Amino acid sequence: MQRDRMIEKLATLALANNWTLATAESCTGGGIAKALTEVAGSSAWFGYGLVTYSNQAKQQLLGVQETSLQDFGAVSEQVVKEMVAGACRVSGADFAVATSGVAGPGGGSAEKPVGTVWLAWGNLQEQQACCCHFSGNRRDIREASIDTVLEQLLDFLEKK
């Protein structure tokens with residue numbers, strides 16, 4: 001689905017249900033917040049965009065556990081789920097999304113090659129996540145991450 005259409009649907013759902021959204025972004029560097037705020041009136045349903053690029057920021061701003069970062073790494077299901085919960089807790093938002101990945105061109109490993117991105121969405125009580133393997137350059141990987149997490153959030157909210 002086209003990004004603009006997804007965001008329109010998210011806005012309609014959020015407004016109809018009096019929901020607020022927040023973002024906790026690492027590899028997307030604020031790209032999700034930028035996309036959401038392209039919509040006029042988004043301040044009615046979007047209030048917080050946290051860019052937590054470093055592990056220290058993830059811990060200090062979102063409450064990600066140091067043990068999660070040590071045991072699983074920043075690019076992991078555990079960490080992105082904690083990022084979602086932390087974004088909801090800090091912002092008071094009803095729902096949030098989170099991203100953490102290896103956008104490249106360097107930084108990859110055999111276990112987590114360039115293009116590996118963990119995405120999460122949900123609320124304080126329930127977080128869902130998926131691991132994606134995107135191809136292309138840094139921009140392609142970041143854009144694919146944004147579109148995919150917005151699709152997942154929309155699907156999640158449509159079931160609420």
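The structure under discussion appears in the preceding block.
Now for a quick tour of the structure. Numbering of residues starts from 1 in each chain and follows the order in which that chain's sequence is written. Only residues with pLDDT of 70 or above have their local features reported here, since the model is predicted, and side-chain atom pairs are shown and tallied only from 80 upward, although totals for entire chains, interfaces and linings are computed over all residues. The side-chain numbers reported here are obtained from all heavy atoms of the structure, hydrogens and water having been left aside.

### With respect to the environment of W121
Here is step 1: For W121, the position within the fold is in strand β4 (residues 116–122).
Here is step 2: Sequence-wise, W121 and M83 are 38 residues apart; in three dimensions their C-alpha atoms are separated by 9.2 Å.
Here is step 3: Throughout, a contact is declared for two residues whenever any of their heavy atoms are within 4.5 Å. Those residues in contact with W121, other than ones at most four positions away along the chain, are V84, A96, V97, E126, Q127, Q128, A129, C130, V149, Q152, L153 and F156. A helix here means a DSSP run of H or I that spans at least four residues, while a strand means a run of E at least two residues long, and both kinds are numbered starting from the N terminus.

### Some remarks on unusual backbone geometry
Here is step 1: A cis amide bond, omega 10°, links G104 with the succeeding residue P105.
Here is step 2: Within the fold, P105 resides in the loop between β3 (95–101) and β4.
Here is step 3: Phi is positive for N18, which is not a glycine, with a value near 60°.
Here is step 4: Considering the arrangement of structural elements, one finds N18 in the loop between α1 (3–17) and β1 (21–25).

### Observations concerning the side chain of S42
Here is step 1: Along the polypeptide, S42 turns up in the loop between α2 (31–36) and β2 (46–51).
Here is step 2: On the basis of relative accessibility, which here comes to 7%, the residue S42 falls in the buried class.
Here is step 3: A polar contact is formed between the side chain of S42 and the backbone oxygen of V39, at a distance of 3.1 Å.
Here is step 4: Once residues within four sequence positions are removed from consideration, S42 is found in contact with L36 and T37. Burial classes: relative accessible area under 20% of the type maximum marks a residue as buried, over 50% as exposed, and values in between as partly exposed (1.4 Å probe, protein chains only). Under the rule applied, a polar contact is a pair of N or O atoms within 3.5 Å (in protein, one hydrogen donor and one hydrogen acceptor; residues adjacent in sequence only if both atoms are side-chain atoms).

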